[in-house]
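Residues per chain are reported as follows:
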Protein chains: 2
Amino acid sequence: MLERHRRGQSWWHGKFSGYGYKITAGREIVLGILVGSEKHLSAEEIYIKAHAINPAIGMTTVYRTLDILIEMRLVNKFDFGDGRGRYELTEGPKGLRHHHHLVCTSCNRVIDYTDFIDEEVELLSRTEKGLTGKYNFKISHHLIQFYGLCDKCHSGREN
Amino acid sequence: MLERHRRGQSWWHGKFSGYGYKITAGREIVLGILVGSEKHLSAEEIYIKAHAINPAIGMTTVYRTLDILIEMRLVNKFDFGDGRGRYELTEGPKGLRHHHHLVCTSCNRVIDYTDFIDEEVELLSRTEKGLTGKYNFKISHHLIQFYGLCDKCHSGREN
DNA sequence: TTCCTAAATGAAAATGATTATCACTTTCAA
DNA sequence: TTGAAAGTGATAATCATTTTCATTTAGGAA
Ligand SMILES: [Zn+2]
Ligand SMILES: [Zn+2]
Ligand SMILES: [Zn+2]
Ligand SMILES: [Zn+2]
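Parameters at a glance
- Residues numbered from 1 in each chain as written.
- Chains lettered and ligands numbered in written order.
- Predicted model: local features only at pLDDT ≥ 70, side-chain atom pairs only at ≥ 80, totals over all residues.
- Heavy atoms only, no water.
- Helix = DSSP H or I, 4+ residues; strand = E, 2+ residues; numbered from the N terminus.
- Buried < 20%, exposed > 50% of the residue type's maximum accessible area, 1.4 Å probe, protein only.
- Contact = heavy atoms within 4.5 Å.
- Areas by Shrake-Rupley, 256 points an atom, 1.4 Å probe, with all protein chains shown as cover.
- Pairing = 2+ DSSP bridges.
- Axes fitted to C-alpha atoms, helices over the stretch in contact; angles between N-to-C directions.
- Parallel < 35°, antiparallel > 145°, perpendicular 65-115°, else oblique.
- Left-handed = near helix turned anticlockwise from the far one by under 90°.
- Nonpolar A, V, L, I, M, F, W, Y, C, P; charged D, E, K, R; others polar.
- Donors = N, O, S within 2.8 Å, 3.2 Å for Na, K, Ca; no water.
- Tetrahedral: all angles 85-135°; square planar, octahedral: opposite > 155°, others 65-115°.
- Near = heavy atom within 4 Å.
- Polar contact = N/O pair within 3.5 Å; in protein donor to acceptor, adjacent residues only side chain to side chain.
- Domains from an automatic or database assignment.
- Buried area = accessible area lost by both parts, 1.4 Å probe.
- Salt bridge = Lys/Arg side-chain N within 4 Å of Asp/Glu carboxyl O.

Peer 1: How should I be thinking about the overall build of chain A in this particular structure?
Peer 2: In terms of regular secondary structure, chain A is built from six helices and five strands. Secondary structure elements of chain A occur, N-terminal to C-terminal, as α-α-α-α-β-β-β-β-α-β-α. When the 159 residues of chain A are sorted by exposure, 41% land in the buried category. Considering only intrachain contacts with a sequence separation of at least 6, the fraction spanning at least 24 residues in chain A is 51%. Carbon together with sulfur atoms contributes 50% to the accessible area of chain A, which is approximately 8,700 Å² in total.

The structure is reproduced here in structure tokens:
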């Protein structure tokens, strides 16, 4: 699960061709940026980084690449309430763990947490099974977010 | 918990003034529309209904009213991936039950489900407690969505 | 009830993220 | 090597949401 990373061919090459997509410089750079950051990047932030690496890359390619990465389930898109999409690798290489989010409704800060994840995921998979049966829905992934006020935003208030 | 609904004063009047907001015709109509629909309405859909009731109501008021309803935790805003916000009453009058969503990534259909909710909510409240302690985060609400393909969208495909 | 002022409003313009267009370039299988 | 299909960037277009600002209104005080 980890040793395929040091092949000459990057681990995602097979995935791309499996979906009928070509491997291009722009796509490699965008994916590389996501692999290299822990943060939840916006399309523009990715564009700036990509553009710094190779100024030939345009915004359009960033969006289009993100779309196919999402389709291939390599990337998740989130909405944290700040008016722009936020992109993050699904659990992938780098030992990135599956996690959920705490979102501050005041300052939009996002905290990843992995505590309680095992229990949550266990319940989710049971729920998934039930829902799949009852609604004949083919579930591919889930989203869990808690909203509230982070420490900085609720200190100094009474309620 | 239910008897206050048949007062002359609507049940939400206290809530508005408690937050320092005035009660206006536009706000009453917007809230009334949300109370009267099961669907997850977009701002524009609400605007159209509101405008039909009272043509003086503008789009701006719809957005502004939704903002304060969210602030008062009477309404939740969702993102189902179709590029526009979707608004729905939180559990309120009408015996509206707390529920979660199944979102079809192909046709954007949304199914509310309440099955398994009790178990989920029980786990969530334990998780909440843990997260509140560890991250000093004041949690006010949560979001759970499952994504996948609805029956219509995955019939006739192999994977 | 009348008055007064902060709050609320609508129309219109502005914003800003995302998407569509289209002529040009690149990939890759044959 | 080559050609068709896929990919691309610059630019314009879209379109949901927000801002602006002159005007109206809600609701507490008198
Ligand atoms: Zn905060
Ligand atoms: Zn995250
Ligand atoms: Zn569907
Ligand atoms: Zn719902």
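What follows continues from the structure just given.
Peer 1: Which parts of the structure should I look at to understand the sheet that holds strand β3 (residues 100-104) of chain B?
Peer 2: Hydrogen bonds along the backbone pair up the strands of a sheet, which may run parallel or antiparallel. Reading across from one edge, β4(A)-β3(A)-β5(A)-β5(B)-β3(B)-β4(B) is the order of the six strands in this open sheet, with mixed pairing throughout. Single-partner strands in this sheet number two, and they are β4 (110-113) of chain A together with β4 (110-113) of chain B. Averaged over all neighbouring strand pairs, the angle between strand axes comes to 25 degrees, with direction disregarded. Two strands pair when backbone bridges link them, and strand β5 (residues 138-149) of chain A and strand β5 (residues 138-149) of chain B are joined in this way by eleven bridges, in the antiparallel orientation. Across the sheet, residue His142 of chain A finds its bridge partner in β5 of chain B, namely Phe146 of chain B.

Peer 1: Would you explain the packing of helix α2 (residues 25-35) of chain B against helix α4 (residues 59-71) of chain B in this entry?
Peer 2: The packing of two helices is summarised by the inter-axis angle and the distance between the axes. Residue and element names in this part refer to chain B. In contact at an axis separation of 10 Å, α2 and α4 are set at 70 degrees when each is read in the N-to-C sense. Judged by the inter-axis angle, α2 sits roughly perpendicular to α4. Regarding α2 and α4, the two cross each other, and that crossing is right-handed. The residues of α4 that touch α2, namely those facing Arg27, Val30, Leu31 and Leu34, are Val62, Thr65, Leu66, Ile68 and Leu69. Considering only residue class, the contact of α2 with α4 consists of seven nonpolar, one polar and one charged.

Peer 1: Would you mind showing me how to read the coordination of the zinc ion (ligand 3) here?
Peer 2: Metal coordination angles in their ideal form are 109.5 degrees for the four-donor tetrahedron and 90 or 180 degrees for the six-donor octahedron. Residues and elements named next belong to chain B. For the zinc ion (ligand 3), the protein coordination sphere consists of Cys104 (SG), Cys107 (SG), Cys150 (SG) and Cys153 (SG), at 2.2 to 2.3 Å. Every donor counted, the four donor atoms about the zinc ion (ligand 3) form angles of 106 to 113 degrees at the centre, which fits tetrahedral coordination. Within one chain, the residues donating to the zinc ion (ligand 3) are spaced in sequence as C-x2-C-x42-C-x2-C.

Peer 1: Where do I start with the protein's contact with DNA strand D in this structure?
Peer 2: As a structural note, the neighbourhood of DNA strand D is formed by 19 residues, with Thr24, Ala56 and Thr61 of chain A together with Tyr63 and Arg84 of chain B the closest of them. A share of 73% is what sugar and phosphate atoms reach among the atoms of DNA strand D within 4 Å of the protein. A distance of 2.3 Å is found between a phosphate oxygen of DNA strand D and a side-chain nitrogen or oxygen belonging to Tyr63 of chain B. The separation between a phosphate oxygen of DNA strand D and a polar main-chain atom of Gly85 of chain B is 2.9 Å. Of the residues assigned to the surface near DNA strand D, the class counts are six nonpolar, seven polar and six charged.

Peer 1: What is the right way to read the domain arrangement of chain A from this model?
Peer 2: How big an interface is tends to be reported as the loss of accessible area on association of its parts. Residue and element names in this part refer to chain A. Under the domain assignment used here, chain A contains domain 1 (1-91) and domain 2 (97-159). Here domain 1 and domain 2 have C-alpha centroids that lie 23 Å from each other. Taken together, the contacts link ten residues of domain 1 with twelve residues of domain 2. Between domain 1 and domain 2, the buried area comes to about 820 Å², and carbon and sulfur atoms account for 56% of it. For the pair domain 1 and domain 2, the interface holds zero salt bridges. Viewed at the interface, domain 2 and domain 1 are joined by five residue pairs in polar contact (both at pLDDT 80 or more). For the side of domain 1 that touches domain 2, the element with the most residues is strand β1 (residues 75-79), which contributes three residues. A per-class count over the side of domain 1 that touches domain 2 returns two nonpolar, three polar and five charged.

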